[in-house]
Amino acid sequence: MDSQRNITPTKGSLMALQKSLELSTLGYDLMDRKRNILIRELMELVDKAKALRGQIGQAYGRAYTALQEAIATLGLERVLQAARAVEVEDGLTIQYRSVMGVELPTVKLEPTPARLGYGVESSNSRLDEAYLCFWQVKQLTATLAEVETSVQRLAVAIRKTQRRANALEHVVIPRDQEAIRFISDALEEKEREEFSRMKVIKALKNAGAL
């Protein structure tokens, strides 16, 4: 009510507030739609991240089991020599895609074939198994990094969108609606007073008093 003390109850003010209410309502609808789309995207990525973490855990389990068996059969030094022969990965690239204005990363690891960087004469099937499992972990980890970063960014965007939608729904729109009612009531009262005044003037004219 205090804010209405600064409102001039004119038709111009009423039209301006009606336009403001229209824009605020449209803004809320857009924020609500954006929030729902982002939440749906987030839920899909959360499920994907869960599945990826499970796959990575399984791959690590197989890798470490095979690695322990390789060390037991080949010896630690030969396994370390084989590990030093593995190529360093440098095929990682990051691009971005936009979902409702939110920039989400797309992490790409060039699908280079798994190549043994050590001689077969210094290895065995268990060492090869460990290498292949760690190679799979590398591929899955790149995808998981993309998914989890996207989840974090979406969560931040959803919170911001929620705050803006709440401000429109619970503050801006009710304030404009109340102001419109205030001006409409004031204008109607003014019209009734003007109508009564004109009736009095007309009656006086008819009576010859004017």
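Scroll up to find the structure this text is about.
Residues numbered from 1 in each chain as written. Predicted model: local features only at pLDDT ≥ 70, side-chain atom pairs only at ≥ 80, totals over all residues. Heavy atoms only, no water.

**Describing the pattern of salt bridges**
All chains considered together, the criterion is met by eight salt bridges. Residue Arg53 is joined to Glu148 by a salt bridge in which the shortest nitrogen-to-oxygen separation is 2.7 Å. In this pair, Arg53 sits in helix α1 (residues 11–74) while Glu148 sits in helix α3 (residues 125–206), placing the two residues 95 residues apart along the sequence. The class for Arg53 is partly exposed, based on a relative accessible area of 43%. The exposure class assigned to Glu148 is partly exposed, which follows from its relative accessible area of 30%. The salt bridge partner of Arg181 is Glu178, with a shortest N-O separation of 2.6 Å. Of this pair, Arg181 and Glu178 both sit in helix α3, three residues apart, which is roughly one turn of that helix. Judged by relative accessible area, which is 28%, Glu178 ranks as partly exposed. (Salt bridge = Lys/Arg side-chain N within 4 Å of Asp/Glu carboxyl O. Helix = DSSP H or I, 4+ residues; strand = E, 2+ residues; numbered from the N terminus. Buried < 20%, exposed > 50% of the residue type's maximum accessible area, 1.4 Å probe, protein only.)

**Overview of the environment of Trp135**
Mapped onto the secondary structure, Trp135 falls in helix α3. Counting along the chain gives 76 residues from Trp135 to Ala59, while the straight-line C-alpha distance between them is 9.3 Å.

**Considerations on the nonpolar core**
If you look at the biggest cluster of nonpolar residues, it comprises 18 residues, and the most contacted ones within it are Leu38, Val102, Val147 and Leu154. Considering each element in turn, this core owes the most residues, eight residues, to α3. Setting aside chain neighbours within four positions, we find Val147 in contact with Leu45, Lys48, Ala49 and Leu52. (Core = buried A, V, L, I, M, F, W, Y, C linked by side-chain atoms within 4.5 Å. Contact = heavy atoms within 4.5 Å.)

**Considerations on the packing of α1 against α3**
One can describe the packing of α1 onto α3 by two numbers: an axis separation of 4 Å at closest approach and a directional angle of 165°. Overall, the two elements α1 and α3 adopt an arrangement that is roughly antiparallel. At the point where α1 passes α3, the crossing takes the left-handed sense. Looking at the contact of α1 with α3 residue by residue, the class counts come to 41 nonpolar, 15 polar and 14 charged. (Axes fitted to C-alpha atoms, helices over the stretch in contact; angles between N-to-C directions. Parallel < 35°, antiparallel > 145°, perpendicular 65-115°, else oblique. Left-handed = near helix turned anticlockwise from the far one by under 90°. Nonpolar A, V, L, I, M, F, W, Y, C, P; charged D, E, K, R; others polar.)

What is shown is where atoms sit, not what they do.
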